[in-house]
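# Chains, contacts and geometry: an overview
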Amino acid sequence: MAGEQGARRSGQRTALARAFGCARVVYNDALRARETARSEGMPFPKTGDLSKRLITGAKQTLERSWLGEVSAVVLQQSLRDLDTAYRNFFDGLKGKRPRMGAPRYKSRKDTRQAVRFTANARWSITTGGKLRLPKIGDLKVKWSRALPSTPSTVTVVKDSAGRYFASFVVETGPEEVLPETTPELGIDLGLGHFAVLSDGRKVDSPRFLRRAGKRLKKAQRALSRREQGSRNRDKARVRVARAHARVADARREFHHQLSTRLIRENQAVAVEDLAVKGLARTRLAKSVRDAGWSAFVSMLEYKAARYGRTFIRIGRFEPTSQVCSRCGVKDGPKPLHVRVWTCGACGAVLDRDINAAVNVAKAAGLAVTACGARVRPGLLPAPRSEAGTHSTPQRSRTR
């Protein structure tokens, strides 16, 4: 029985690899046809014409007859993916979206592969919870959650670590709006602590990449010693990819848990717009990438919109670390090793990070008081009448 299951799974992997390859070939053929037409000054080929020539017609030829071994829907969706890539490219040139490069050819050596099945492919989910795909079979699925409605599309993805994922398109109802609450929060992101909150809490940085350093170093050393093009090198590459995947999964889980908790606990959340790309070019690049600030802020933003919370992003040039959150006086820039400083105007002793988090909230217009910054009064000079000692008792002036 175990041997039969192993053979079945091996056959399913082969069938999926065949589907990935056929979709890639159709994509590249369509891209080549359009690039050739552009270079020769010919009209841009339409998707319908490409489908007739590169799918229906190609199946009748000896060179492309093996395209008939996979579902035709997979090949059609590959052409639609190319249309989307061109549309995004042209929209970027017109300023409708951020700029991105022109469509590129897909390589057989790409570590990420994907195919998509729509309802026309007549795929289904069996009563036993398996995913039934045409010309592939019944795939055993480890479900992460129950589907809220009947899915219309499923995308099967193979990542660089050799893992397979199924992503479903489903129709959902109105988003859950959380009941209103009072707290409003400012967040200062950093490396010493991942996040410092305006209410005084500090969230330690897990540093997943640093903690996995020894395991990654060992796997990468083994990879470098394998012969180019050998099967052992491919196995070593997968081991390195799996080690990195575990780090990425742990980081993503940490971001999800923290962002969900902050959104549920607070009515409004404010963060600073950090120049992550610039920081990633400094000597702190590894730590910046390990923290994953951009992904965390994106989670805060879409979860706030989903649950009816307010998300505010303030400018990166706001002097949050230079202004006293108690009196508002700008005390000038300070080197990074200064973690606690005393305000020269009011004498408050301020924790640098908590003070910055309070200022982030204030810059966003949130109702946050400086008491959350854990300030304490500094030592003030005594009145001249009380300073020093007296050899003889002084007459009291109080009446």
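Scroll up a little and you will see the structure.
In this text, all values refer to a predicted model and were calculated from it rather than measured experimentally. (Residues numbered from 1 in each chain as written. Predicted model: local features only at pLDDT ≥ 70, side-chain atom pairs only at ≥ 80, totals over all residues. Heavy atoms only, no water.)

## Quick look at the pattern of salt bridges
- Applying the stated rule across the entire model yields 18 salt bridges.
- A salt bridge links Arg163 to Asp159; the shortest N-O distance between them is 2.9 Å.
- Here Arg163 falls in the partly exposed class, since its relative accessible area comes to 29%.
- Look at Asp159 and you get buried, because its relative accessible area is 14%.
- Residues Asp273 and Arg316 are paired through a salt bridge, measuring 3.5 Å at the closest nitrogen-oxygen approach. One end of the pair, Asp273, is in the loop between β10 (268-272) and α7 (276-279); the other, Arg316, is in the loop between β11 (310-314) and β12 (340-342), with 43 residues separating them in the sequence. (Salt bridge = Lys/Arg side-chain N within 4 Å of Asp/Glu carboxyl O. Buried < 20%, exposed > 50% of the residue type's maximum accessible area, 1.4 Å probe, protein only. Helix = DSSP H or I, 4+ residues; strand = E, 2+ residues; numbered from the N terminus.)

## Details of the packing of aromatic side chains
- Here the structure, examined in full by the defined rule, presents eight aromatic pairs.
- Summarising the aromatic geometry, the rings of Phe44 and Tyr86 are spaced 5.3 Å apart at their centres and angled 85 degrees between planes, so their arrangement reads as edge-to-face. Here Phe44 is found in the loop between α1 (2-39) and α2 (47-56), whereas its partner Tyr86 is found in helix α3 (residues 72-94), with 42 residues between them in sequence.
- Assessed through its relative accessible area of 6%, Tyr86 is described here as buried. (Phe/Tyr/Trp six-rings, centres within 6.5 Å; stacked < 30°, edge-to-face > 60°.)

## Some points on the sheet that holds strand β7 (residues 184-189)
- Spatially, β9-β8-β7-β10-β11 is the arrangement adopted by the five strands of the open sheet, whose pairing is mixed. Because the sheet does not close on itself, it has two edges, and the strands there are β9 (202-204) and β11. With direction set aside, neighbouring strand axes in the sheet form an average angle of 20 degrees.
- Across the face of the sheet, helix α6 (residues 231-265) comes into contact with β7, β8 (193-197), β9 and β10 while running at roughly 0 degrees to β8. (Pairing = 2+ DSSP bridges. Axes fitted to C-alpha atoms, helices over the stretch in contact; angles between N-to-C directions. Contact = heavy atoms within 4.5 Å.)

## Some remarks on the nonpolar core
- By size, the foremost hydrophobic cluster in this structure holds 34 residues, and its most contacted members are Val115, Phe117, Trp123 and Leu133.
- Only α1, α2, α3, β1 (113-117), β3 (131-133) and β5 (153-158) provide two or more residues apiece to this core.
- If you tally residues by element for this core, the top one is α1, at 11 residues.
- Once residues within four sequence positions are removed from consideration, Val115 is found in contact with Ala19, Phe20, Ala23, Val74, Val154, Thr155 and Val156. (Core = buried A, V, L, I, M, F, W, Y, C linked by side-chain atoms within 4.5 Å.)

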